Amino acid sequence: MATALSEEELDNEDYYSLLNVRREASCEELKAAYRRLCMLYHPDKHRDPELKSQAERLFNLVHQAYEVLSDPQTRAIYDIYGKRGLEMEGWEVVERRRTPAEIREEFERLQREREERRLQQRTNPKGTISVGIDATDLFDRYEEEYEDVSGSGFPQIEINKMHISQSIEAPLTASDTAILSGSLSTQNGNGGGSINFALRRVTSAKGWGELEFGAGDLQGPLFGLKLFRNLTPRCFVTTHCALQFSSRGIRPGLTTVLARNLDKNTVGYLQWRWGVQSAMNTSIVRDTKTSHFTVALQLGIPHSFALISYQHKFQDDDQTRVKGSLKAGFFGTVVEYGAERKISRHSVLGAAVSVGVPQGVSLKIKLNRASQTYFFPIHLTDQLLPSAVFYATVGPLVLYFALHRLVIKPYLRAQKEKELEKQRESTATDILQKKQEAEAAVRLMQESVRRIIEAEESRMGLIIVNAWYGKFVNDKSKKSEKVKVIDVTVPLQCLVKDSKLILTEASKAGLPGFYDPCVGEEKNLKVLYQFRGVLHQVMALDSEALRIPKQSHRIDTDG
């Protein structure tokens, strides 16, 4: 399975991997690794002009890695932000005596300055499109009334309501943001719209305030004020007051929410709403890595109800979630169940079935695409019909699995291959350079490897018989895929010291004599080695730490 490679992996040398040391390596470990590679790549050890030139380039690269990692300040920058952090404009004014924490603060200050220069170019668009569909003719029609009507053999499915809303944010300064939003709604031929403008200011780390102005063709002007404040580290309050002007006069409204963290995953809410629909509401919400649970109770005019809902989060790549809820009140009782699943990098598809008295049966389909939401509530029947519940449950499942297998999966596979091919093309020059550097390093290692093998053979030590690095195809279903591996026998033997080979937990593509033969794809290291005259074999993941020899790697030759 192909995995996307980050820009940092493509543009930056992994200095830790190059020196083959842990990210937590001490100064002594860095110095020992540096001295060993200096002995291997020192230009004065090679008389051949071509080898000498290659040795100079590799020697300078090793020296650069050691210079960065041996200095506490530059190492702190590299650990947090990579090589690009070292190249960022503005570091020349930073004092060398600063601590890693102070360096982090300085870097974040420089980032904020760059961010402020781009504020005018950024927006945060959010939108919702809702299309209500009346499909009650599928289950509630009276056949005898339509016998003489032309075309009455087909159920009448119609769109009876629509709603469209959109908002954008325009950062003015680091603490001020302007928000513009609008909406259009129509139902059974009647509709209207509204437009709102809000100005939000972050007053401190503990709170913010927002002024709101609105107008519409159905309602008069609106003036509102929102305030948010952290009272304590575990408690906050939100207040929203508004004045709605209409032909009937001024209608004031006030909503206040008090929330408190009961523990790390649980929040309790108390809400009081006064105005057209006055109510008091209390709820407890518990959100963990695997579940989301809500219980709520509301007393109000005209609606009072009790609600309990539960959502289970599966720990899979598609972020599958199943949910169910029960809501009962003066309006009746509603049971709702459904599921949602990630279908692409930025898209989540969900469906829910709502069964209630006196509401009947409805199917709700929702698609979230980045910051846009598309919602399709389909009303199937006003009655509690088992057939409607069955088709609302089974229909979307069958349709989803058919689309996923025939459309979504092939499309995502083609997109991934296209991105991978584009990535290979954009990095072809870099990969060719890495390959040439790796081949040059292998040539420089030959003499050292010959001496290491002689020493290991004299004490029946560790001999690398064969080693390969890259993409191995072991799955029979992937026979058509091409194996892409390189021979790394010499580089691995060069890393053997005192009959031991230790590789740190990092991508092996950065090791001396290695390069990435298949950018963006999963890689493994396969090693066949001899220790004390006995053959051993091991296969390790690309970023997996490896230590040999081990008894568990021994090849059983009893058969």
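Details of the structure are given in the entry above.
Throughout this description, residue numbers start from 1 for each chain and increase along the sequence as written. Given that the model is predicted, a residue must reach a pLDDT of at least 70 before its local features are reported, and side-chain atom pairs must reach 80 or more before they are shown or counted; all residues, however, enter totals for whole chains, interfaces and linings. Each side-chain value is worked out from all heavy atoms of the structure, with water and hydrogens disregarded.

Caption draft 1: Structural detail: the overall build of the chain. Under the DSSP-based scheme used, a helix requires at least four consecutive residues in state H or I and a strand at least two consecutive residues in state E, with every element numbered from the N terminus. Regarding its fold elements, the chain presents nine helices and 23 strands. Burial analysis of the chain (559 residues in total) assigns 34% to the buried set. Within the chain, counting contacts between residues at least 6 apart in sequence, those at least 24 apart form 44% of the total. The buried label goes to any residue with under 20% of its type's maximum accessible area, the exposed label to any with over 50%, and the partly exposed label to all in between, with areas taken from a 1.4 Å probe on protein chains only. Residues count as neighbours in contact if any of their non-hydrogen atoms are within 4.5 Å of one another.

Caption draft 2: Highlighting the pattern of salt bridges. A carboxyl oxygen of Asp or Glu within 4 Å of a side-chain nitrogen of Lys or Arg is what we treat as a salt bridge. Counted by the stated rule, this structure contains 14 salt bridges. Residues Asp287 and Lys313 are paired through a salt bridge, measuring 2.5 Å at the closest nitrogen-oxygen approach. With Asp287 in strand β10 (residues 279–287) and Lys313 in strand β12 (residues 305–313), this pair connects stretches of sequence that are 26 residues apart. Its relative accessible area of 36% is what places Asp287 among the partly exposed residues. Linking Lys484 and Glu521 is a salt bridge whose minimum nitrogen-to-oxygen distance equals 3.0 Å. Separated by 37 residues along the polypeptide, Lys484 in strand β19 (residues 484–487) and Glu521 in the loop between β20 (501–503) and β21 (524–531) bring together distant segments of the chain. The network of salt bridges with common partners includes Glu447, Arg450, Arg451 and Glu454.

Caption draft 3: Region of interest: helix α3 (residues 27–41). Between its terminal C-alpha atoms α3 stretches 21 Å, which fits the 21 Å expected from 15 residues at 1.5 Å a residue. Burial in α3 covers these residues: Leu30, Ala33, Tyr34, Leu37, Cys38, Leu40 and Tyr41. Down the axis of α3, the buried set is contained in an arc of 155°. They therefore lie on one face. Every exposed residue of α3 that faces more than 90 degrees away from the buried side is listed here: Glu28, Arg35 and Met39. A helix is expected to span 1.5 Å for every residue after the first. For this quantity, the arc is that covered by the directions from the helix axis to the C-beta atoms.

Caption draft 4: A look at the sheet that holds strand β22 (residues 534–541). With respect to topology, four strands assemble into an open sheet ordered β19-β18-β21-β22, the strand pairing being antiparallel. The sheet is open, and its two borders are formed by β19 and β22, each paired with just one other strand. On average, each strand axis in the sheet is tilted by 20° relative to the strand beside it, whichever way the strands run. DSSP-based pairing: two strands are paired if at least 2 bridges between them are found. As defined by bridge partners, strand β18 (residues 462–471) adjoins β19 across four bridges and the pair is classed as antiparallel. In the sheet register, Lys471 faces β19, and the bridge partner there is Lys484. For helices, the fitted line uses only the C-alpha atoms of the stretch in contact; every axis is such a line through C-alpha atoms, and the angle between N-to-C directions lies from 0 to 180 degrees.

Caption draft 5: A look at the pairing of strand β1 (residues 126–134). In terms of strand pairing, β1 meets strand β2 (residues 158–171) through nine bridges, oriented antiparallel. Bridged to Asp134 within β2 is Glu158.

Caption draft 6: Focus on the nonpolar core. By size, the foremost hydrophobic cluster in this structure holds 28 residues, and its most contacted members are Leu19, Val21, Leu30, Tyr41, Val62, Leu69 and Met445. Residue assignment for this core shows that the elements contributing at least two residues are α2 (15–19), α3, α4 (49–70) and α8 (428–458). In terms of residue count, the dominant contributor to this core is α4 (nine residues). Sequence-distant contacts of Met445, defined by excluding residues within four places in its chain, comprise Leu40, Tyr41, Val490, Pro491, Cys494, Pro512 and Gly513. Note on terminology: a nonpolar core comprises buried Ala, Val, Leu, Ile, Met, Phe, Trp, Tyr and Cys residues joined through side-chain atoms within 4.5 Å. Grouped together as the second largest cluster of nonpolar side chains are 24 residues, Val488, Phe514, Tyr515 and Tyr529 included.

Caption draft 7: Structural context of the packing of aromatic side chains. Centres within 6.5 Å make a pair out of two Phe, Tyr or Trp rings, where for Trp the six-membered ring is used; the pair is then stacked when the planes are under 30 degrees apart, edge-to-face when over 60, and tilted otherwise. Taken as a whole and assessed by the stated rule, the structure comprises 10 aromatic pairs. By way of ring pairs, the aromatic residues Phe139, Phe390 and Tyr391 are connected into one cluster. Lying over the aromatic face of Trp208, Arg200 brings its terminal NZ or CZ to 5.1 Å of the ring centre. Lysine and arginine charges are scored as sitting over a ring when NZ or CZ, respectively, is within 6 Å of the ring centre and within 35 degrees of the ring normal. Positioned above the aromatic ring of Phe305 is the side chain of Lys327, whose terminal nitrogen or guanidinium carbon lies 4.4 Å from the ring centre.

Remember that the coordinates give geometry; whether it matters functionally is a separate question.
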